[in-house]
Amino acid sequence: MTATLLAGTSAGIVAAVQSGTASPESMVAAAFARMRVADAGASGLNVFVSSDETASGRAAEHAPRTGPLAGVPVALKDNIATPFLTTSCGSRVLEGYVSPFEATAARKLREAGAVLIGKTTMDEFAMGSSTEHSAFGPARNPLDRARVPGGSSGGSAVAVAAGICPIALGSETGGSVRQPAAFCGIVGVKPTYGRVSRFGLVAFASSLDNIGVFGRTVDDAALAMEVISGDDTRNDATSAPSSQVAPALRSQQADLQGVVIGKPREYFPPTLDASMRERAERGLEALRARGAEIRDVSLPHTTLAVPAYYIIAPAECSANLARFDGARYGLRIEGDGLRAMYEATRSSGFGAEVTRRVLLGTYVLSAGYYDAYYRKAMQVRQLIRQDFDRVFATGVHALFTLTTPTPAFKFGELSDPYAMYMSDIFTVTANLAEVPAMSVPIGRVNNLPVGGQVIAPKFSEATMFRVSYALEAELGAAAHR
Ligand code: GLN
């Protein structure tokens, strides 16, 4: 029975645990049984960096059985701090590192009755789109093990897609929840910047970073997002005050009467693959069938988003990652003097992608280039924000696009860093503009999942979820065909 519950929704597990027909301990045991199957063999999914069945079992015994997530097994990306299991950020520099404190989002899940079953595989310090930059090997896409699950939160997406747990947390700086959700055929949500506390999320690019959620259904994603949202200004100065954050996101309202949905022209370029376009059109058709009005709109600065992102994110990362120097956390490789110790530790602790970004970021922030690159990128970011503001000011409630221009690619297929960066084209805009966005399955191309993206104005998550509930209800089984 627990296996059946695990294959269902969080809501189903919570109902069973609250009524006493299932226990948190039995749900955790079922999750670990499923984990062993998923990870077995040479082509195992490599979902987890660390897990401990005995410790999770003990946590289950103490889990509050009345909470909104009572007995629900959850997985966290390995850059979300927890005092049990690692917080290694997919990096040799933090290999085996255990945090002395707990991220606010992790604490909220635990207090709601959820039980942590493992920390998941990710691209090193969340830089990447495939988990191929993980120092501990990539995770595999459960729908086709020769393909990437997406990234950087790939392991968390796989944990949910492979049925190990119904919800998981990831992090988003430029699409790292939405893109793996799209590649694995599940729901992925990036909230408005500030809705979810970043306390305990290891910083990559602080002005773009968010904690996000994965779920198999829109309702599970809404439930998890409700639990982790909220004011935490004491610990995170950018956390939004409660007055801005509408707490309720769950609804079963599946009609879109009176809702205007923008179709941004720049996200449907002539170069877009025909089958992908056809899937997007089917998504728009589904929204229309539920009563939405679809309107053509324009976000003219969209093509500048990837270049701006790949200046701002590396700039902020070069500052944030300065703390990994051998003196404070994790790895230390002794050298002849302090400087040599820094050099040796950072040279062997960081992988190629992180090194590339630290170098690039240091360069664009240096005295002679700051104005030419960093300041310019910040100005472009402002134009991108204004694009969204203008469209939403015309009475458009939400936007609909594809989450990615292609389905999951094969391992090694995007070996050129630039090609990998360009694959983020539809997702980085929401992080730059700080607006909420989510990916919902809308069908398959070549039998691989395709995600549709719903983007809403700041703090309008309730509207974003309403559109997603309707999309999911209208598409039904067609979302997975
Ligand atoms: N793929 C993007 C990058 O490599 C986004 C990463 C993220 O959202 N953490 O930076």
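The structure reproduced in this document is the subject of the present report. Sequence order as written defines the numbering, with residues in each chain counted from 1. For this predicted model, a pLDDT threshold of at least 70 governs which residues receive local features, and a threshold of 80 or more governs which side-chain atom pairs are given and counted, while totals over whole chains, interfaces and linings are taken from all residues. Water and hydrogen atoms were dropped before computing side-chain values, which therefore reflect all heavy atoms in the structure.

Here's the deal with the pattern of salt bridges
Here is step 1: Think of a salt bridge as a Lys or Arg side-chain nitrogen and an Asp or Glu carboxyl oxygen that are within 4 Å of each other. Scanning the entire structure with this criterion turns up 25 salt bridges.
Here is step 2: Between Lys263 and Glu281 there is a salt bridge whose closest N-O contact spans 2.9 Å. Linking Lys263 in strand β7 (residues 260–264) with Glu281 in helix α9 (residues 274–289), this pair joins segments that are 18 residues apart in sequence.
Here is step 3: Across the pair Arg328 and Asp325 runs a salt bridge, and its minimum N-O distance is 2.8 Å.
Here is step 4: Summary of the burial criterion: residues with accessible area below 20% of their type's maximum are buried, those above 50% are exposed, and those between are partly exposed, where the area comes from a 1.4 Å probe applied to protein chains only. By relative accessible area, which is 57% here, Arg328 ends up exposed.
Here is step 5: Put simply, Arg381, Arg385, Glu434 and Lys458 are held in one network by salt bridges that share partners. Here a strand is any run of E in DSSP of at least two residues, a helix any run of H or I of at least four, and the numbering for each starts at the N terminus.

Here's the deal with the sheet that holds strand β8 (residues 293–297)
Here is step 1: Ordered by their spatial adjacency, 11 strands build an open sheet running β1-β3-β2-β4-β6-β5-β10-β11-β9-β7-β8, and the pairing between neighbours is mixed. At either margin of the open sheet sits one strand with a lone partner, and together these are β1 (48–50) and β8. Taken over all neighbouring pairs, the strand axes of this sheet differ in orientation by 35° on average, direction set aside.
Here is step 2: With five bridges joining them, strand β2 (residues 73–77) and strand β3 (residues 115–120) adopt parallel strand pairing. Each residue of the ladder has a partner; that of Ala75, found in β3, is Gly118.
Here is step 3: Contact criterion: two residues are considered in contact whenever any of their non-hydrogen atoms come within 4.5 Å of each other. Geometry is summarised by axes, namely lines fitted to C-alpha atoms with helices restricted to the contacting stretch, and by angles between N-to-C directions that run from 0 to 180 degrees. Along the sheet, helix α5 (residues 104–111) makes contact with β2, β4 (167–172) and β6 (210–215), crossing β2 at roughly 175°. The pairing criterion for strands is at least two bridges between them, as found by DSSP.

Quick look at a nonpolar patch on the surface
Here is step 1: Patch membership is restricted to residues that have no salt bridge and whose relative accessible area is over 30%. Joining uses 9 Å for like charges and 5 Å for the nonpolar side chains Val, Leu, Ile, Met, Phe, Trp and Tyr. Here, Shrake-Rupley sampling with a 1.4 Å probe gives the accessible areas, and only protein chains in the shown set may cover a residue. On the surface, Tyr363, Tyr369 and Tyr373 cluster together to form a nonpolar patch covering roughly 280 Å² of accessible area.
Here is step 2: Within the secondary structure, Tyr363 sits in helix α12 (residues 352–365).
Here is step 3: Judged by relative accessible area, which is 38%, Tyr363 ranks as partly exposed.

The values are spatial; any link to function lies outside them.
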